[in-house]
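# Architecture at a glance
Chain by chain, the residues run as shown.
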Amino acid sequence: NRQQQNIYNTTTITMSLSTTCRSVVQKSLFQHSSSSYRRTSSTKSFVTVHKTTASSSSSATTFPYEGGGISHAPQQQQQVSTLVDNLLVRTRELMDTKTHHVVAYSGGIDSSLVAALLQQVYEPHKGESLQAVLGLSPAVSQEQLHQARSVADHLQLPLVELTTDEGTDTTYIANEGKACLACKTHLYTSLETVADFAALQQQEVGRGGGGAQLYNGTNADDLQDSTRVGLIAAQNFQVVSPLSSITKEQVRIVAKHLGLPNWNAAASPCLRSRLALGVEATKHHLQMIEQAERHVRLLIKEDVDESSNVRVRMLAGQRAMIEVDDPNVPKVHACLEELQPYFQSLGFKTCAVRAFKTGSVSRKVNDTTTTTPTTTNIPSQEEMQMRAATA
């Protein structure tokens, strides 16, 4: 178990890899050996601290976290075991001859599973390295950041946090259908820098030298979604997707079998995905959504858990659309008058609720593939005052 295999001492690196600092970071930051990463320069403006230390007795083929196990019949358990074995073989094959492996990590179930698979099959004794990289921006909520760090700690996974700069990209800000492409392009550019740095450090100590490979958590269901234009960026950067042959449901089954703590967590894409097309992806808008969503979740906390969907969408005209799972729609609707003043204080003009639907604002209104659930708008502050006066 984890206590018996306490072979890691995990902390976190926080990087801001702007163009001006990359050369400084690459020249001298960490000295890698088979058992530790240690800081060798005082680039405090770029790095705030530290990394994972592993004992030399660690094994790439041993899970450094508790086995989950699922309550299926023996035949089903065997099927899951076979699926896991096939994924491990596939992942190892995809690693090819590369020796530096970098995961685009968000703390979501998909990227967490990819990191866990890589952790089992990479070969540090042959000079291979593994890093999970988390991009930080206003589009990443504090809740998502906490989950990402918690899962990385549970997996005892080397985690790098870096600040990305898609918020300065006019294509991203415009949010007219290519924001995800712009965001992923910035992310993978930063990941390449991390990968190149890892390769450089390995070469300096005479280990590795076989090149770097980037990975993401794209699954088979994602490949069927035409709105995921970030996949174009993945293709441009030759990012490998070990889960591309299995569905989201299978991802959860495997993750539960392996004991990942977030196996049943609701999907939580970036906050930018809550913006309707054409609503600018500004830091202010993203902060409005994050605060509103947190407030709604707290209000109905007795009725939701980690698997529950709670989203606040921003529609054109500063209109807020709360989306929750069907059973919770009446509960939120009953709270709308209570929510209205808080939402207005954030900058929203109106507030409504409807049943949750994945990607409900990722297409144009006239897209026939998108249906709009029934919504219930609450009266404005002026209308409420008039009602009170005539009551």
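Residues numbered from 1 in each chain as written. Predicted model: local features only at pLDDT ≥ 70, side-chain atom pairs only at ≥ 80, totals over all residues. Heavy atoms only, no water.

### Regarding the overall build of the protein
For the protein, the helix and strand inventory stands at twelve helices and 13 strands. Across the 391 residues that make up the protein, the buried fraction comes to 46%. Within the structure as shown, the protein displays about 18600 Å² of accessible surface, and the carbon and sulfur contribution to it stands at 50%. (Helix = DSSP H or I, 4+ residues; strand = E, 2+ residues; numbered from the N terminus. Buried < 20%, exposed > 50% of the residue type's maximum accessible area, 1.4 Å probe, protein only. Areas by Shrake-Rupley, 256 points an atom, 1.4 Å probe, with all protein chains shown as cover.)

### Some thoughts on the pairing of strand E12 (residues 350-355)
Among the six residues in E12, five count as buried, and that is most of the element. In this structure, strand E11 (residues 319-324) lies alongside E12, joined through six bridges in parallel fashion. Pairing of Ile322 across the sheet is with Val353, part of E12. (Pairing = 2+ DSSP bridges.)

### Here we look at the packing of aromatic side chains
Overall, the coordinates contain two aromatic pairs when judged by the stated rule. Judged by centre distance (5.8 Å) and plane angle (50°), the ring pair of Tyr188 and Phe237 falls under tilted. Linking Tyr188 in helix H6 (residues 179-204) with Phe237 in the loop between helix H7 (230-236) and helix H8 (248-258), this pair joins segments that are 49 residues apart in sequence. The exposure classification of Tyr188 matches that of Phe237, with both residues buried. Ring centres 5.5 Å apart and planes at 40° place the aromatic pair Phe343 and Phe348 in the tilted group. Assessed through its relative accessible area of 1%, Phe343 is described here as buried. (Phe/Tyr/Trp six-rings, centres within 6.5 Å; stacked < 30°, edge-to-face > 60°.)

### Comments concerning the packing of helix H2 (residues 74-94) against helix H3 (residues 109-121)
Closest axis-to-axis distance for the H2/H3 pair is 9 Å, and the angle between their directions is 75°. Considering the angle they form, H2 stands roughly perpendicular to H3. Packed against H2, whose contacting residues are Leu87, Leu88, Thr91 and Arg92, the element H3 presents Leu117, Leu118, Gln120 and Val121 at the interface. Split by residue class, the contact of H2 with H3 holds five nonpolar, two polar and one charged. (Axes fitted to C-alpha atoms, helices over the stretch in contact; angles between N-to-C directions. Parallel < 35°, antiparallel > 145°, perpendicular 65-115°, else oblique. Contact = heavy atoms within 4.5 Å. Nonpolar A, V, L, I, M, F, W, Y, C, P; charged D, E, K, R; others polar.)

### Considering the pattern of salt bridges
The final tally for this structure, using the stated rule, is 13 salt bridges. Linking Glu123 and Lys126 is a salt bridge whose minimum nitrogen-to-oxygen distance equals 3.3 Å. Under the relative-accessibility criterion, Lys126 is labelled exposed at 53%. Arg274 is the partner of Glu293 in a salt bridge, and the nearest nitrogen-oxygen pair spans 2.8 Å. Taken as a pair, Glu293 in helix H9 (residues 283-299) and Arg274 in the loop between H8 and H9 lie far apart in primary sequence, 19 residues in all. (Salt bridge = Lys/Arg side-chain N within 4 Å of Asp/Glu carboxyl O.)

### Section: unusual backbone geometry
Most of the time, phi is negative for any residue but glycine, and the peptide bond is trans. For Asn175, which is not glycine, the phi dihedral falls at a positive 55°. You can see Asn175 is positioned in the loop between helix H5 (170-174) and H6. Overall, the relative accessible area of 0% leaves Asn175 in the buried class. A positive phi angle is found at Gln318, which is not glycine, with a value near 60°.

### Regarding the nonpolar core
Grouped together as the largest cluster of nonpolar side chains are 38 residues, with contacts concentrated most on Ile322, Phe343 and Phe348. Those elements giving two or more residues to this core turn out to be H6, H9, strand E10 (310-315), E11, helix H10 (329-334), helix H11 (336-346) and E12. The greatest single-element share of this core, amounting to five residues, is contributed by H9. Other than its neighbours up to four places away in sequence, Phe343 contacts Ala292, Val296, Val312, Ala320, Ile322, Phe348 and Cys351. In terms of nonpolar packing, the next biggest core, distinct from the first, is built from 37 residues, Tyr122, Ala148, Val240 and Leu258 among them. (Core = buried A, V, L, I, M, F, W, Y, C linked by side-chain atoms within 4.5 Å.)

By themselves, these observations are geometric and do not establish any function.
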